[in-house]
Amino acid sequence: MSPEACSVPRSLAEALRARDDASLAALLRDRPDLIAPVPTDLTQLATRAGTRASVLRALEHLDRFTLQTAQALAVAPDPATYDTLHELLAGDDGDPAVDEALPGAVAALRRQALIWGDDDRLHLVRTARELLAPSPQHPSPTGLGPTVREATSGMSPGRVQQIVNTAGLPSTHDPVSAVTALTGLFADRKRMDALLAGAPEAAREVLTRLMWGPPYGQVTADPATHLRWLLDRGLLLPTAPGTVVLPREVALHLRGGRAHRVPEPVPPAVEPAVSHAPQIVDATGAGQAYTALATIEDLLKHWDQGGPAVLRAGGLSVRDLKRTAVALDAPEPLAAFWIELAYAAGLLASDGAADERYAPTPAYDTWLERPVAERWGRLAAAWLAATRTAGLIGGRDIKDRALSTLGPGLDRSAAPEVRHRVLTLLAGLPAGVAPAPEAVLSRLTWERPLRTPQRDGTEDLRIRLARWALSEAELLGVTGRGALSSHGRALLGAAPDPERSSAAPAGPSTATAVGLLAPLLPEPLDHVLLQADLTAVAPGPLLRPLAETLGVLADVESKGGATVYRFTPASVRRALDAGQTAADLHAFLAQHSRTPVPQPLTYLIDDVARRHGHLRVGVASAYVRCDDDAVLNEIIADKRAAALRLRRLAPTVLAAPCDPATLLEGLRALGYAPAAESAQGDVLIVRSDTHRTPPRTAPEPVPEGPPPADTVLLTAAVRAIRAGDLAATAPLKAPGPAPTGSDLPRTSAADTLATMQAAVMTGEAVWIGYVNADGAASQRVVAPIRVEGGFVTAYDHTADEVRTYPLHRITGVAELAED
């Protein structure tokens, strides 16, 4: 045998054995499922790379042209040459774009171990061929049908000879040579043109309809003349009663040799749609970023004393989501997004109590103390890495259960990679340029084409994730007016790289983005503008102490570029209940107002303060005491107080059978300003108690399959695989005499499995010992076809049929002698 013949790989395992360490490491990096756990040798690596689940995962990560290349190989002879593959993609007329892109596509398939062999003998991995080759149950995207040999496999020899004669070919001595001759006719361009030149016009129309698929059609028991003409010459072949198929060779001739109607070697460009000044984009993004922060603060302040209850199945009820949406003045889908964002950032969680409720975490208080830009950086980094997808809320899972906010079933492992890719496409455009959303979606579809259509008619998940990524980036201020902002461009480096872990921590790019955003955010103000209509206008964001005090003293009437606060008797009484005095409130307003304090506001504070605490409510069950007995007389005489069932205990004391809180609310409803007092007679100062969860960590993103290995692990894995392969392929001493008679081969379970897997790859027959369920032992010569799930499927030469054997019943395996 020549050295050149010896160098030709006979299996994927041999092809992997010929690779260098860098190429093996690249394979393990591209397909991380192959390294969990680390294979013992290259034979096991090749076997694992050929399993259905692994091949499916690899195919789903191919771009459209690389997938089209694999599909063309699936309809080509095995093995196929590079020239044959080129003809299937470029056709008879050629295509310069295919000429340029095809070497890269073949290299990508070879790098991921989906094809092996040199350019003159390209083999598609068997499992990939089974997945991509056309069949009646799973049509190929190429629209091609079976070959002539496959379509005539069940046809009688006499019928095959009739077709050969009618097509103008000489008779042969056996059906195999007849099928070969017919295949040669259909693959010969000149002879096929001559044959079709005599076809009826209606027959040519039938061929045109079937040419691009689907290749199957229906005929009656007595077909029309033009159909009979096609059937007699094998241009249509019967596959079942009433069903015919257009052979692959005929379809390729009609198509001009192309496997695909439209090869797509070049990705669609992300064309610019609108252009803005970069400064406008940055300013718009900064405004959106500040609005996002204000919304998150409003949400958590709304839940500050304990938020909604956790459903038994987890998540937030629809009613609570509606209430939260009203409080945030936002649509429900948008409110769900803000809730999920706060949860992803670790600012919100369930408290774990018996009556479990959602509440801010201790990290929220720390987050509030950070500068505004740093708070945005934490939210943006959490959004980029999160696998929970708010856009799914309101839909249903595969078990037809509703998907709720903060509930289970919202993780989509592809979400971080899609967000990263969307922002990367935006970053490829000049600053200030926004693309059309459909252009971004078209590019993403080309990079990861949808292999199977959605059964419910909805868009592909990746396309929906991309749409949500574009809208959410705008809400967060990562983009402005559809274009990537400068701080969003800097933040992109902190996104999880699809080549690395989806939970990778934010890098220095986050700090860079924060530094770019900080000058664009408005500076907090230390003043408001008081007006005579009992309102105060905050012309911008306020310092935190000012905002908190003003939030107690007044009610927020409207938000926007400027926030309007309104002073009411109830709001002033709220501030007095919190321990403030009238003098404190006057001093506070005078210090923080750029306009004079209006006289109506001064009168309002003094009037409420004068009446505040004049009545005292304590525990009797509840009592009311007042130094002015005329006021108590007025209360008893008021018919609206009848529900409180008050009775006089003393000239200055009234008692009620209700609790103090109910009595306080009842008297305030009557227009009085009572104050609660302790058992010692002191006025109780009421402050709202904040509710916090125990320390909680942010939810971990759910990775898509096994996490990619780092360089250290890849190097160690390659070294271990090489060492195991060296031990497995080292020459061994000649074995003793072969067992005879009733002796069975004896090997360990690991050796049995490895030998079977190697036989699958090489296609060689082996000798096994087998014990059936009844305990009967036998020796068999089998050619293994597949080893999966603890079973080996093989062609049994002893029984002359395909059988399946449990591996645990095989006593051992031995190779057959070469002779």
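As the structure is a prediction and not an experimental result, all values here were calculated from the model.

A. Molecular detail of the overall build of the protein chain. Tallying secondary structure elements over the protein chain gives 34 helices and 25 strands in all. Here the protein chain has a C-alpha radius of gyration of 39 Å; the compact-globule value for 819 residues is 28 Å, and the former is much larger. Dimensions along the principal axes, computed over C-alpha positions, put the protein chain at roughly 125 × 70 × 55 Å. A buried classification covers 45% of the 819 residues belonging to the protein chain. Within the protein chain, contacts between residues separated by at least 24 positions form 65% of all contacts whose residues are at least 6 apart in sequence.

B. How the structure looks around the pattern of salt bridges. Tallied over the full model, the rule gives 34 salt bridges. For Glu-447, the salt bridge identified is with Arg-421, shortest N-O distance 2.5 Å. A residue pair is termed long-range when its members are at least 10 positions apart, and Glu-447 in helix α23 (residues 437-447) and Arg-421 in helix α22 (residues 415-427) qualify at 26 residues. A single salt-bridge network, built from bridges that share partners, covers Arg-159, Arg-228 and Asp-232.

C. Examining the packing of helix α6 (residues 64-74) against helix α8 (residues 96-111) more closely. Contact pair α6 / α8: the axes reach a minimum separation of 9 Å and the direction vectors enclose 75°. Here α8 runs roughly perpendicular to α6, going by the angle between their axes. Here Phe-65, Thr-66, Thr-69 and Ala-70 of α6 come into contact with α8, specifically with Val-98, Ala-101, Leu-102, Ala-105, Val-106, Ala-108 and Leu-109. Its residues assigned to classes, the contact of α6 with α8 comprises nine nonpolar, two polar and no charged.

D. Region of interest: helix α34 (residues 749-762). Helix length check: α34 (14 residues) gives 20 Å between terminal C-alpha atoms against 20 Å at 1.5 Å per residue, within 8%. Taken together, the buried positions of α34 are Thr-752, Met-756, Gln-757, Ala-759 and Val-760. With its buried residues spanning 160° around the axis, α34 presents them on a single face. Taken together, the buried residues of α34 touch α4 (42-49), α9 (126-132), β21 (766-771), β22 (777-788), β23 (791-796) and β25 (810-815). Phi turns positive, to about 75°, at Gly-763, one or two residues after α34.

E. Broad picture of the side chain of Thr-147. Within the secondary structure, Thr-147 sits in the loop between α9 and α10 (148-151). On the accessibility criterion, Thr-147 (17% relative accessible area) is buried. Once you skip the residues sitting within four places of it in the chain, Thr-147 turns out to touch Arg-248 and Glu-249.

F. Layout of the packing of aromatic side chains. Counted under the stated rule, the structure contains four aromatic pairs. Between Trp-303 and Tyr-358, the ring centres sit 6.5 Å apart and the planes meet at 25°, which makes this aromatic pair stacked. Highlighted residues: Trp-303 in the loop between α17 (278-302) and α18 (318-328) and Tyr-358 in strand β8 (residues 358-360), separated in sequence by 55 residues. Its relative accessible area of 2% is what places Trp-303 among the buried residues. We classify Tyr-358 as buried; its relative accessible area is 5%.

G. The sheet that holds strand β14 (residues 555-558), seen in detail. The strand order across the open sheet built from four strands is β12-β13-β15-β14, with neighbouring strands paired in antiparallel fashion. Each edge of the sheet is formed by a strand with only one pairing partner; in this case those strands are β12 (529-531) and β14. Adjacent strand axes in the sheet meet at a mean angle of 30° when their direction is disregarded. Of the strand pairs in this sheet, β14 and strand β15 (residues 563-566) are connected by three bridges, and their pairing is antiparallel. In the strand pairing of β15, Ser-558 is matched with Val-564.

H. Fine view of the sheet that holds strand β3 (residues 216-218). Sheet architecture is open: three strands sit in the order β3-β5-β4, paired in antiparallel fashion. The open sheet has two edge strands, β3 and β4 (237-240), and neither has a second partner. Along the sheet, successive strands turn relative to each other by an average axial angle of 40°, direction set aside. Examined bridge by bridge, β4 and strand β5 (residues 243-245) share three bridges and lie antiparallel to one another. In the strand pairing of β5, Leu-237 is matched with Val-245.

I. Broad picture of the environment of Ser-153. With respect to the helices and strands, Ser-153 occurs in the loop between α10 and α11 (157-166). The class for Ser-153 is exposed, based on a relative accessible area of 64%. For the pair formed by Ser-153 and Val-179, sequence separation is 26 residues and the distance between their alpha carbons is 9.4 Å. Of the polar contacts made by the side chain of Ser-153, one reaches the backbone oxygen of Glu-150; its length is 3.0 Å.

J. Looking closely at the nonpolar core. If you look at the biggest cluster of nonpolar residues, it comprises 89 residues, and the most contacted ones within it are Leu-16, Leu-28, Leu-45, Phe-186, Leu-230, Leu-235 and Leu-236. For this core, the element with the most residues is α6, which contributes six residues. Among residues more than four places away in sequence, those in contact with Leu-230 are Ala-203, Val-206, Leu-207, Leu-235 and Leu-236. Formed by 72 residues, the second largest nonpolar core is a distinct cluster that contains Leu-368, Ile-393, Ile-463 and Ala-466.

What counts, and where the lines are drawn
- Residues numbered from 1 in each chain as written.
- Predicted model: local features only at pLDDT ≥ 70, side-chain atom pairs only at ≥ 80, totals over all residues.
- Heavy atoms only, no water.
- Helix = DSSP H or I, 4+ residues; strand = E, 2+ residues; numbered from the N terminus.
- Rg over C-alpha atoms; globule rule 2.2 N^0.38 Å.
- Buried < 20%, exposed > 50% of the residue type's maximum accessible area, 1.4 Å probe, protein only.
- Contact = heavy atoms within 4.5 Å.
- Salt bridge = Lys/Arg side-chain N within 4 Å of Asp/Glu carboxyl O.
- Axes fitted to C-alpha atoms, helices over the stretch in contact; angles between N-to-C directions.
- Parallel < 35°, antiparallel > 145°, perpendicular 65-115°, else oblique.
- Nonpolar A, V, L, I, M, F, W, Y, C, P; charged D, E, K, R; others polar.
- Expected span 1.5 Å × (residues − 1).
- Arc of directions from axis to C-beta.
- Phe/Tyr/Trp six-rings, centres within 6.5 Å; stacked < 30°, edge-to-face > 60°.
- Pairing = 2+ DSSP bridges.
- Polar contact = N/O pair within 3.5 Å; in protein donor to acceptor, adjacent residues only side chain to side chain.
- Core = buried A, V, L, I, M, F, W, Y, C linked by side-chain atoms within 4.5 Å.

Honestly, that's just the spatial picture; any functional story needs more than this.
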